[in-house]
Each structure stands twice: as structure tokens, then as C-alpha cells.
Amino acid sequence: MRLCNTDSQINCFTFSHLYVVVQLVWIAAFLVSTKFEHFRCQPPGKISYCCFGAPVLCTGALFCTLFLHPFFGKIALLYLISGISEVYKMKMIQLTPSCKDYLWGGEKLRTEYGIQSELHPLSEAWMLSCHPDGPSYLPDGSTFQQYINAHPGCLGTHCEKFSEFPVLAKLIDAKKDLSIQVHPSNEYALEHEHQYGKTEMWYVLEAEPGASLYYGFTHEISKEEFERRIQDNTLTDVLNAVPVHKGDCFFIPSGTLHAIRKGIVVAEIQQNSNVTYRIYDYGRLGADGKPRQLHIPQALDVTLREPPKAQDFHGHLAQCDYFTVDAVEGGFEDVCDETSFTSLLVLEGKGTLTETATGESLPIRKGQSLFLPAGTGAYAVTGTDLKCLRTRV
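Here the structure is a predicted model, which means the values were calculated and not measured. Residue positions are given per chain, counted from 1 along the sequence in the order it is written. The predicted nature of this model means local features are confined to residues of pLDDT at least 70 and side-chain atom pairs, given and counted, to a pLDDT of 80 or more, with totals for whole chains, interfaces and linings taken over all residues. As a rule here, side-chain values cover all heavy atoms of the structure and leave hydrogens and water aside.

**Remarks on the pairing of strand E17 (residues 361-365)**
Working step 1: In this sheet, E17 lies alongside strand E16 (residues 342-355) in antiparallel orientation, the contact comprising five bridges. In the sheet register, Leu 353 faces E17, and the bridge partner there is Leu 362.
Working step 2: Between E16 and E17, which pair antiparallel and follow one another directly, the connecting turn spans five residues, one of which, Gly 359, has a positive phi of 80°. When DSSP finds two or more bridges between a pair of strands, those strands are recorded as paired. Put simply, DSSP H or I for four residues or longer makes a helix, DSSP E for two residues or longer makes a strand, and each gets a number counted from the N terminus.

What follows is the structure, given as C-alpha cells:
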């Protein structure tokens, strides 16, 4: 098809090619601006793409096909499709946990929280995890870490300072006492274990009458006394045993001696680490029939031998460099902006999670973990008897 007659062919050719050059410059500028994945997964990127990038690519594809070569039009069209796919695949997702069958666990995570696993006992469910010892999974079977690798901007600007995903969230069912233990600081763990240390918090979901946990010491003791009491089995005489009830919250900085005891179910939000030093394990045998390993020298190095210090989290359940956690009851509306992802751990009830701008929704229920990428924007949670643990950085 000839778009120009012979007399005007030169002028038409010049105009058309100039227009194409302008379009290609605009396309190049757009592609450069969207080189980084985080641009397209945040609201400004979505708006820019829909209002600016997509029309430019459509026009460019048309003129490339008409005036240059269909091959170049196809390239522009592929970028258009890729961009649309990128915009719309950054959605809210439900995560499936990895599970653990430690000897102290029970069955409540399965029977009361709907966690599906063939493990018995079902001691822990790692609800939000990129840790290689227990990753969370997307509905398509890929790991949460693979998702993050494909969409680095989905974590938000507050996470840019971390070399890895900073958070790990668990549900823990303690039918029996856990070992008395401690977690090291970042400095110690990086030097000796080649991974980060562990600061954590517990939110008590269930507690049998009379249940308690160990949380630091009743008074400050020396390193020598600490070692002696470990050796002569009198350590519990100086531990701070705290009665617990549903809704209690404990913040446990690295170095704080602690132990969840029997009859307690907790949600745990922690650093992305799996370094634990056992101090006392009640003489129990592991699956191999041998006493479980203790880590006395390491514990002597890292334990803060003092009572826990009071913390002010300015209205939050817990707050530190790695996470900010809130308990939210009933339906609520919130905004997941570009600074941080939002993790929702459903503790009670059932309902619906809806992204306000698109109307996209997910059914939610007790025992589920939802991840909202940074820049999702406004969202709403509605339902019956709902209670959620909301985590951001």
C-alpha cells in the first residue's frame, strides 16, 4: 500500500521517518525509566505506563510497521505486552508455608489454623519466609525468594538497606516445653555462623491455664554464675518465669535468654535467621536417639545476663530496624505505599482482602499469610470476627 503519491513521496518519507525517530526516542526514554523493576510496581510507575508508556508503544509499533519494517513493529509490540504484564502481575498473593516437626510440637496448627502438612507433630509453620531452611511458596509452586528476585522493588524503599529479605514470620505450637535458648547478635552471627543474628517478637494466640514462658533473668548474674548454674542444673532458679495469656506480646532482642513453654501457641515475627544456641533441653533425645546438641560456649559469649528491659514502641506491638508489627481487629482500611511491603497474618475469623484501585480481591481465613507488594496502594479487609497481624519494615 502506498501512503504517498510520487510528487509528495520525499516530503512524506521525511515526515514519517522524523515522526518514527521521535517515537523511538520516547520509547527509549520510557524503557530507560522503567529499567528498574520497582518503578513499574509502584503506583507512579503504573500511572506512567498506562497514561504515557503504553500509548507511545502502540503508536511506535504502528509507525514502525508502516514506515520502517514489520520486525521493528513487533519489537515495540512485545515491549508493550511485557509492560502490561509487569504492571498487572504485581498483585496481592497468598503464601503457603514450609512446616517443621520438632519433637515439642502439637497438632493445633493443623486442626485450628488450617495448616496443611503431613508432618506429625506439626510444630512450626514458616508463613513468610525466604530462608533456605524453610521457604514460603506462591500458588504456582515458586518460592517467595524467586518472586522477590523477579520483582526487587516489591519490598519497598525501606528494604533497600538490607542485603536480603529482613523478616521471617512463623506460627508455633508448643505442646511441650521448648529448649532454653538464646540468639546471637548480627555481629556475632555473621562472624561465626555466616548469617544474621535474630531479634524477634511473640504474640500469644493461645495459652492454657497456668502457662508461662522464660524471658530473661530475675536479676543480673555474672558469667561465672551463669556457667555454674548451667552445669549444676539450677539455671531455672534465676530465670524470669512470666505467666502468659492470649494477646500478650513479648519483644526479644538478640542476646535475651528465653523459652516458650508447654500449652502456648504464638505468632513469631523475627529477623530472617535460623541461628539458635540451646542452653538447656531437659535431657531430651532427638530423632537419632541421642541427646540434642547444646551450644554452651556460644551461649556464654552472647547471653545478656540481666532482666529484660522495658520498651516503648509508640503504639505498635513491636518495632525495630527489621519489622514493625501491629495487631488489627475487625475490618480495616489501609495503604501499602512504596516504602514497604505489607504482610498480613490472619489470626482469627474469615473475610476478604480487596485492592481498592483495581477491585481485585482474595478470600482470607484464619491461618493464612498474605503478601502485598510495596506500592499496592489502598486496600481493605472486611469479614467476620477478624484479627490480623500486620507487619511492615
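**Details of the side chain of Asp 334**
Working step 1: Summarising the element assignment, Asp 334 is placed in strand E15 (residues 332-336).
Working step 2: Under the relative-accessibility criterion, Asp 334 is labelled buried at 16%.
Working step 3: By the criterion applied in these results, polar contacts are pairs of N or O atoms within 3.5 Å in which, for protein atoms, one can donate a hydrogen and the other can accept it, and in which residues neighboring in sequence qualify only through two side-chain atoms. Here Arg 390 takes part through its side chain, which lies 2.9 Å from a polar atom of the side chain of Asp 334.
Working step 4: Working rule for contacts: check all heavy atoms of both residues, and any pair within 4.5 Å makes them a contact. Those residues in contact with Asp 334 that sit more than four places away from it in its chain are Gly 377, Ala 378, Tyr 379, Arg 390 and Arg 392. Burial here depends on accessible area, computed with a 1.4 Å probe over protein chains only, as a share of the maximum for the residue type. Under 20% is buried, over 50% is exposed, and the range in between is partly exposed.

**Points about the confidence of the model for the protein chain**
Working step 1: Scored between 0 and 100, pLDDT is the confidence that the predictor attaches to each residue. In this model, the protein chain carries a mean pLDDT of 87, and residues with pLDDT of at least 70 account for 77%.
Working step 2: pLDDT under 50 marks residues 1-6. Its contacts with residues more than four places away, or in other chains, come to four contacts.
Working step 3: This stretch, residues 84-89, has a pLDDT under 50; its non-local contacts, to residues over four places away or in other chains, come to eight contacts.

**A closer look at the sheet that holds strand E4 (residues 167-174)**
Working step 1: The strand order across the open sheet built from six strands is E2-E3-E4-E11-E6-E9, with neighbouring strands paired in antiparallel fashion. Taken across any chain shown, the strands that pair with only one partner, and hence form the sheet edges, are strand E2 (98-100) and strand E9 (249-252). On average, adjacent strands in this sheet sit at an angle of 20° to one another, irrespective of strand direction.
Working step 2: Across eight bridges, E4 lies against strand E11 (residues 264-271) in antiparallel orientation. Bridge pairing links Lys 170 to Glu 268 in E11. Axis definition: a line fitted to C-alpha atoms, limited for helices to the stretch in contact. Angles are taken between N-to-C directions and run from 0 to 180 degrees.

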